[in-house]
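Coordinates in review
What follows is each chain in one-letter form.
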Amino acid sequence: MKKQQICILGSTGSIGTQALDVIRQHSDRYEIYCLTANNSVEKLAQQAREFKPAAVVIGNEAHYETLQELLRDEPDIKVYAGKEALEPVSYTHLTLPTS
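Here goes a summary of the coordinates provided. (Residues numbered from 1 in each chain as written. Predicted model: local features only at pLDDT ≥ 70, side-chain atom pairs only at ≥ 80, totals over all residues. Heavy atoms only, no water.)

Remarks on the pairing of strand 3 (residues 55-58)
Burial of strand 3 is two-sided: the residues Ala55 and Val57 facing one way and the residues Val56 and Ile58 facing the other way are all buried. Relative to strand 3, strand 2 (residues 30-37) is paired through 4 bridges, and the arrangement is parallel. Within strand 3, the residue paired with Thr36 across the bridge is Val57. Bridge count between strand 3 and strand 4 (residues 78-81): 4 bridges; the pairing is parallel. For Val57, the partnering residue across the bridge sits in strand 4 and is Tyr80. (Buried < 20%, exposed > 50% of the residue type's maximum accessible area, 1.4 Å probe, protein only. Helix = DSSP H or I, 4+ residues; strand = E, 2+ residues; numbered from the N terminus. Pairing = 2+ DSSP bridges.)

Comments concerning the pattern of salt bridges
Across all of its chains, the model carries 6 salt bridges by this definition. Two residues, Asp21 and Arg24, come together in a salt bridge whose shortest N-O distance is 2.5 Å. Of the two residues, Asp21 and Arg24 are both situated in helix 1 (residues 14-25); the distance of 3 residues between them amounts to about one turn of the helix. Classification of Asp21 as partly exposed rests on a relative accessible area of 37%. Put simply, Arg49, Lys52, Asp73 and Glu74 are held in one network by salt bridges that share partners. (Salt bridge = Lys/Arg side-chain N within 4 Å of Asp/Glu carboxyl O.)

Quick notes on the nonpolar core
Ile8, Ile32, Val56, Leu67 and Leu71 are the most contacted members of the largest nonpolar core, which totals 20 residues. At the level of secondary structure, the elements contributing two or more residues to this core comprise strand 1 (4-8), helix 1, strand 2, helix 2 (41-51), strand 3 and strand 4. Per-element accounting of this core gives the leading share, 5 residues, to helix 2. Residue contacts for Leu71: discarding those within four places in its chain leaves Ala45, Ala48, Arg49, Val56, Ile77 and Val79. Ranked by size, the runner-up nonpolar core spans 5 residues in total, among them Cys34, Ala55, Val57 and Ala85. (Core = buried A, V, L, I, M, F, W, Y, C linked by side-chain atoms within 4.5 Å. Contact = heavy atoms within 4.5 Å.)

Describing the pairing of strand 2
With 5 bridges joining them, strand 1 and strand 2 adopt parallel strand pairing. Across the sheet, the residue bridging to Ile8 is Leu35, located in strand 2. With helix 1 bridging strand 1 and its parallel neighbour strand 2, the resulting β-α-β unit is right-handed. Taken together, strand 2, helix 2 and strand 3 constitute a β-α-β crossover, and its handedness is right-handed. (Right-handed = clockwise from strand over helix to strand, strands pointing away.)

Dropping the structure here:
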């Protein structure tokens, strides 16, 4: 069975972390395509290291360079920033609402 790709908007918040717990329990059925957060750059980087998504988006552009640096040794994870970067990833894959 092909895994369903998931994009978690707000992955560092309480609902986002609960969604990631469910995905951990069902890793045979789901995989993370994209993780997003607004300001929690360290937590987002930690999640990216665990789930190995294709992309991460930090909403607050001031944290872009920090996130790039934290994930510099993960070349397969693309790093984006800004609210406008959220639209393409949220519309191309199944999204679990987090609010």
